[in-house]
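# Observations on the three-dimensional arrangement
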Amino acid sequence: DHDEHMDLRPPVVTIMGHVDHGKTSLLDALRSTDVAAGEAGGITQHIGAYQVRLKDGQRVTFLDTPGHAAFSSMRARGANITDIVVLVVAGDDGVMPQTIEAIKHAKAAEVPIIVAVNKMDKPGSDPTRVVNELLQHEIVVESLGGDTQLIEVSAKARTGLDNLLEAILLQAEVLDLKANPDRSADGVVIEAKLDKGRGAVSTVLVNRGTLKRGDIVVAGSQWGKVRALLNERNEQLQEAGPATPVEILGLDGVPSPGDAFAVVENEARARELTEYRIRLKREKSMAPVGA
Ligand code: GTP
Ligand code: NA
Ligand code: MG
């Protein structure tokens, strides 16, 4: 509704690209630009989602996507929860099948692409070749009069990172990203696992609203009371606003990546919703072929 209170929120950026083109390395390099990185010697755990805070207080949320072909459905989902795709293309390898697949996902989701030509430290890297290959897939970079920003980077040598962040912030400004922080939270599960000591640990991305400790959450066919909220530095948070990735503890089971989550008003409602979803799933799996 048009009376909703809307605040600017950080852009959600998904890193996509062909296997081994350097997505995770680039994320690690970008994370080192976080003003809080290295503070208190905190061990950063490897999760597929984190937020970088820049010197001027601006924040950017990054999501990693696995490169293996088997994960193409998660990549497709990644394109749907993201504002901007950073397409990583290794400068020595050029456009490859999963680069093309990522372009298709981004275009289908109408998400703007920023190209990061990575591995520029390698002597065989040729950004001109990448530009021409991209043109064959209707990605026209700015130097050719198009509207796609292309940044040359090296995750290994840590060059071009500031240019890439600048390009992201410029694109975010154009998109004018806003969300209402004052409603109950919803969002999507990025990844989830069962931890021996802590139980179900789910990394979620808050889409709208603010997720708080003590909230009752339904995620896929799991539910629970949020016992703890943790950021990627394992710091306890009281709450997480729009576009914030956060680990939550307290669900009764492990949801699936891509599952939607939402805060509900009470436990009875959570039980009702999850039982309904489980029943739906069961009925679907028992449906006769062709039904
Ligand atoms: P998947 O997740 O398996 O698809 O791979 P990825 O795209 O995340 O690539 P990853 O970061 O695992 O890097 C793949 C290989 O490329 C590793 O051996 C990295 O060390 C190397 N690599 C990544 N970035 C650079 C770079 O800028 N320069 C050089 N020389 N090597 C790089
Ligand atoms: Na790899
Ligand atoms: Mg990777």
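In what follows, the accompanying structure is described. In this text the structure is predicted, and so the values were computed from the model without any measurement.

## Some words on the overall build of the chain
- A tally of regular secondary structure across the chain gives six helices and 17 strands.
- Buried residues in the chain amount to 49% of all 291 residues.
- Per element, the accessible surface of the chain, about 14400 Å² overall, is 50% carbon and sulfur.

## Points about helix α6 (residues 267-286)
- Taking 1.5 Å per residue, 20 residues should reach 28 Å; α6 reaches 29 Å between its end C-alpha atoms and fits that length.
- Taken together, the buried positions of α6 are Ala270, Leu273 and Thr274. Projection of α6 onto a plane perpendicular to its axis shows the buried side chains occupying an angular sector of 90 degrees, all on one side. Facing away from the buried side of α6 by more than 90 degrees, the exposed set consists of Ala268 and Met286.
- Its buried side turned inward, α6 meets β12 (216-219), β13 (222-230) and β17 (260-264).
- Capping the start of α6, asparagine 266 holds a side-chain oxygen 3.3 Å from the backbone nitrogen of alanine 268, two or three residues further along.

## Here's the deal with the site of ligand 1
- Near ligand 1 there are 16 residues, and of these Lys23, Thr24, Ser25, Asp121 and Ala155 occur at the shortest range.
- Here an oxygen atom of ligand 1 sits 2.9 Å away from a polar atom, N or O, in the main chain of threonine 24.
- Taking alanine 155, its main chain carries an N or O atom lying 2.9 Å from an oxygen atom of ligand 1.
- Summarising the interface, the protein chains cover 71% of the accessible area of ligand 1, which totals 650 Å² for the free molecule.
- Looking at the shell around ligand 1, the element that brings in the most residues is helix α1 (residues 23-31), giving three residues.
- Its residues assigned to classes, the shell around ligand 1 comprises two nonpolar, eight polar and six charged.

## Digging into the environment of glutamine 98
- Relative to the helices and strands, glutamine 98 is located in helix α3 (residues 97-108).
- On a C-alpha basis, the gap between glutamine 98 and leucine 205 in space is 24 Å, while along the polypeptide they are 107 residues apart.
- At a separation of 3.4 Å, a polar atom in the side chain of glutamine 98 contacts the main-chain amide nitrogen of valine 19.

## Details of the packing of aromatic side chains
- For the coordinates displayed, the defined rule picks out one aromatic pair.
- Judged by centre distance (5.9 Å) and plane angle (40 degrees), the rings of tyrosine 50 and phenylalanine 62 are tilted. You can see tyrosine 50 sitting in strand β3 (residues 49-53) and its partner phenylalanine 62 sitting in strand β4 (residues 59-64), a full 12 residues away along the chain.
- Owing to a relative accessible area of 0%, phenylalanine 62 belongs among the buried residues under this scheme.
- Above the face of the tyrosine 50 ring, arginine 31 is positioned so that its terminal group lies 4.5 Å from the ring centre.

## A short note on helix α5 (residues 161-175)
- With 15 residues, α5 should reach 21 Å at 1.5 Å per residue; the first-to-last C-alpha distance of 21 Å fits that figure.
- Where α5 is buried, its residues contact β2 (12-17), α1, β4, β5 (84-90), β6 (113-118) and β7 (150-152).
- Taken from the residues just after α5, aspartate 176 is the one with a positive phi, measuring 50 degrees.

## Side note on the packing of α1 against α5
- The interhelical angle for the contact between α1 and α5, taken along N-to-C directions, is 90 degrees, at an axis separation of 10 Å. When the interaxial angle is binned, α1 and α5 end up roughly perpendicular. For the pair α1 and α5, the contacting residues are Leu26, Ala29 and Leu30 in the first and Leu161, Leu164 and Leu165 in the second.
- Of the residues contributing to the contact of α1 with α5, the split by class is six nonpolar, no polar and no charged.

## Points about the pattern of salt bridges
- Taken as a whole and assessed by the stated rule, the structure comprises 13 salt bridges.
- For glutamate 247, the salt bridge identified is with arginine 198, shortest N-O distance 3.8 Å. Highlighted residues: glutamate 247 in strand β16 (residues 245-251) and arginine 198 in the loop between β9 (186-195) and β10 (199-208), separated in sequence by 49 residues.
- Owing to a relative accessible area of 1%, glutamate 247 belongs among the buried residues under this scheme.
- One salt bridge connects glutamate 232 with arginine 233, and the closest N-O pair in it is separated by 3.2 Å.
- Taken together, the shared-partner salt bridges connect Arg183, Asp186 and Arg208 into one network.

Parameters and conventions
Residues numbered from 1 in each chain as written. Chains lettered and ligands numbered in written order. Predicted model: local features only at pLDDT ≥ 70, side-chain atom pairs only at ≥ 80, totals over all residues. Heavy atoms only, no water. Helix = DSSP H or I, 4+ residues; strand = E, 2+ residues; numbered from the N terminus. Buried < 20%, exposed > 50% of the residue type's maximum accessible area, 1.4 Å probe, protein only. Areas by Shrake-Rupley, 256 points an atom, 1.4 Å probe, with all protein chains shown as cover. Expected span 1.5 Å × (residues − 1). Arc of directions from axis to C-beta. Contact = heavy atoms within 4.5 Å. Polar contact = N/O pair within 3.5 Å; in protein donor to acceptor, adjacent residues only side chain to side chain. Near = heavy atom within 4 Å. Nonpolar A, V, L, I, M, F, W, Y, C, P; charged D, E, K, R; others polar. Phe/Tyr/Trp six-rings, centres within 6.5 Å; stacked < 30°, edge-to-face > 60°. Lys NZ or Arg CZ within 6 Å of the ring centre and 35° of its normal. Axes fitted to C-alpha atoms, helices over the stretch in contact; angles between N-to-C directions. Parallel < 35°, antiparallel > 145°, perpendicular 65-115°, else oblique. Salt bridge = Lys/Arg side-chain N within 4 Å of Asp/Glu carboxyl O.

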